[in-house]
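Summary of structural features
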There are 2 protein chains.
Amino acid sequence: MKAHVYVTMKKTVLDPQGQTIARALNGMGHTGIAAVRQGKYFEIELAEGISLEAAKAELDQIASEVLSNPVIEEYRLELIS
Amino acid sequence: MKAHVYVTMKKTVLDPQGQTIARALNGMGHTGIAAVRQGKYFEIELAEGISLEAAKAELDQIASEVLSNPVIEEYRLELIS
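This structure is a prediction, so every number in the text was calculated from the model and none was measured.

Some words on the interface of chain B and chain A
Each partner contributes to the interface: chain B provides 32 residues, whereas chain A provides 31 residues. Across the chain B/chain A interface, buried area totals approximately 2,800 Å², and carbon plus sulfur atoms make up 62% of it. Three residues stand out in chain B for area buried against chain A, namely His30, Tyr41 and Glu43 of chain B, and they jointly supply 21% of the buried area on that side. Inspection of the region where chain B meets chain A yields 0 salt bridges. There are 14 residue pairs in polar contact (both at pLDDT 80 or more) connecting chain B and chain A. Those elements that place two or more of their residues in the side of chain B that touches chain A are strand E1 (2-9), helix H1 (16-27), strand E2 (33-46) and helix H2 (52-67) of chain B. For the side of chain B that touches chain A, the leading source of residues is E2 of chain B, giving 14 residues. In terms of residue class, the side of chain B that touches chain A is made up of 17 nonpolar, 8 polar and 7 charged. Of the strand pairs in this sheet, strand E2 (residues 33-46) of chain A and E2 of chain B are connected by 13 bridges, and their pairing is antiparallel. When the bridges of E2 of chain B are listed, Tyr41 of chain A appears paired with Gly39 of chain B.

Criteria and thresholds
- Residues numbered from 1 in each chain as written.
- Chains lettered and ligands numbered in written order.
- Predicted model: local features only at pLDDT ≥ 70, side-chain atom pairs only at ≥ 80, totals over all residues.
- Heavy atoms only, no water.
- Contact = heavy atoms within 4.5 Å.
- Buried area = accessible area lost by both parts, 1.4 Å probe.
- Salt bridge = Lys/Arg side-chain N within 4 Å of Asp/Glu carboxyl O.
- Polar contact = N/O pair within 3.5 Å; in protein donor to acceptor, adjacent residues only side chain to side chain.
- Helix = DSSP H or I, 4+ residues; strand = E, 2+ residues; numbered from the N terminus.
- Nonpolar A, V, L, I, M, F, W, Y, C, P; charged D, E, K, R; others polar.
- Pairing = 2+ DSSP bridges.

This is the structure we're talking about:
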């Protein structure tokens, strides 16, 4: 089983990296770019035989405790069986 | 229009960050984690009125020239109209 985890800054938190990229792209002539937000992306492979519920529970724990900082970041989980 | 860009290391390239995360998770007791690959994730907002074809062409150029290093990375593009 595979899972994808997307970690981005909370909408209420300033994303200076994303803003810098957007400004740079505009400066390079890509004026059609209105905004950019940057985040982290994880592809996780789980061992055989784990149930969907157990996988989801474990990934939720990993995403909230290890892969993201809940104070400023939020995550989205996609299970790909 | 919105787009998501996923940038990951090429499969042929070692991903030390991903391996370190996987080992750390196993050490924390998450033994169900077989492998982890880490990448970058971008949410891009495009200005109104751009056509789907123009948006795709511009994003392909941005993803390959700015957001990723084609020597060691590959990208995947998702257009969300």
